[in-house]
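Each chain, letter by letter, is given below.
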Amino acid sequence: MRTLDPLPSTVTAELLGIPRKHQLDFRRWSGQALQVASSEHRPALAALHGLLADLVAVRDQEDGRLSEEELVGTAMMLVVAGHDSTVNLLDNGVLALLQHPDQLRLLRERPELLSGAVEEFLRYDTSVERSTSRNASEDLELDGVPIPGEA
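Residues numbered from 1 in each chain as written. Predicted model: local features only at pLDDT ≥ 70, side-chain atom pairs only at ≥ 80, totals over all residues. Heavy atoms only, no water.

What exactly am I supposed to notice about the overall build of the chain here?
Counting secondary structure elements, the chain contains 6 helices and 2 strands. Along the chain, from the amino end to the carboxyl end, the secondary structure elements read α-α-α-α-α-α-β-β. Sorting the 151 residues of the chain into buried and exposed places 28% on the buried side. The contacts in the chain between residues at least 6 apart in sequence include a share of 48% that link residues at least 24 apart. (Helix = DSSP H or I, 4+ residues; strand = E, 2+ residues; numbered from the N terminus. Buried < 20%, exposed > 50% of the residue type's maximum accessible area, 1.4 Å probe, protein only. Contact = heavy atoms within 4.5 Å.)

Structure below.
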């Protein structure tokens, strides 16, 4: 786990109301779930889904609220968006400042420039290199290529 990983995981866990006793598991599973090529990807996604489903308190669709599946899905998107992109933004920003000490000095001397610098970090070295993975819900064929669905 990289040095800056705990910050976005902790903030996301707090936003979702995850109790402190579950936050280490949440952080570990979040990191593993984002490693799509890893053998830990699917088990971590399942563990995260289980944790979030257990914590979802609002399940009544009669009054227009989200279903459990909608809430868990939204929480999972928050995990992905809040973790990977934030960690990468922080890492890339720190690296850029270390590579450009004149800019680091300027930010230290003029902290009011920080919000603009964050926007510039997003443009300078993007923090997201891939989109969320998508899976077919049922078997299908596209241009003669069979695509297996997930059960």
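There is more to say after this.
Honestly, unusual backbone geometry in this entry has me stumped. Any pointers?
Both trends apply: most residues other than glycine have a negative phi, and most peptide bonds are in trans. Here the phi dihedral of Asp 143 falls at roughly 50°; this positive angle occurs in a residue that is not glycine. Checked against the element boundaries, Asp 143 lands in the loop between β1 (140-142) and β2 (145-147).

Which parts of the structure should I look at to understand the nonpolar core?
Considering soluble globular proteins, one finds that nonpolar side chains tend to be buried as a cluster. With 15 residues, the main nonpolar core has Ile 18, Phe 26, Leu 48, Leu 52 and Val 72 as its most contacted residues. At the level of elements, α2 (20-33), α3 (41-55) and α4 (68-99) are the ones that each hand at least two residues to this core. In terms of residues, this core owes the most to one element, α3, which gives 5 residues. Excluding residues within four positions of it along the chain, Leu 52 makes contact with Leu 16, Ile 18, Val 72, Ala 75 and Met 76. (Core = buried A, V, L, I, M, F, W, Y, C linked by side-chain atoms within 4.5 Å.)

It is not clear to me how the pattern of salt bridges should be interpreted in this structure. Could you clarify?
Pairing of side chains with opposite charge becomes possible as their charged atoms draw close. Summed over the entire model, instances satisfying the criterion amount to 4 salt bridges. Between Glu 112 and Arg 110 there is a salt bridge whose closest N-O contact spans 3.0 Å. Residue Arg 110 is classed as partly exposed on the basis of its relative accessible area, which comes to 39%. (Salt bridge = Lys/Arg side-chain N within 4 Å of Asp/Glu carboxyl O.)

Help me understand the packing of α2 against α3 in this model?
Helix-helix packing is described using two parameters, namely the angle between the two axes and the distance between the axes. Axis separation between α2 and α3 bottoms out at 8 Å; the angle between their running directions is 140°. When the axes of α2 and α3 are compared, the pair comes out oblique. Once α2 is placed against α3, the crossing between them reads as left-handed. Contact with α2, carried on its side by His 22, Phe 26, Trp 29, Ser 30, Gln 32 and Ala 33, involves His 41, Ala 44, Leu 45, Ala 47, Leu 48 and Leu 51 of α3 and no other residues of that element. Partitioning the contact of α2 with α3 into residue classes produces 8 nonpolar, 4 polar and no charged. (Axes fitted to C-alpha atoms, helices over the stretch in contact; angles between N-to-C directions. Parallel < 35°, antiparallel > 145°, perpendicular 65-115°, else oblique. Left-handed = near helix turned anticlockwise from the far one by under 90°. Nonpolar A, V, L, I, M, F, W, Y, C, P; charged D, E, K, R; others polar.)

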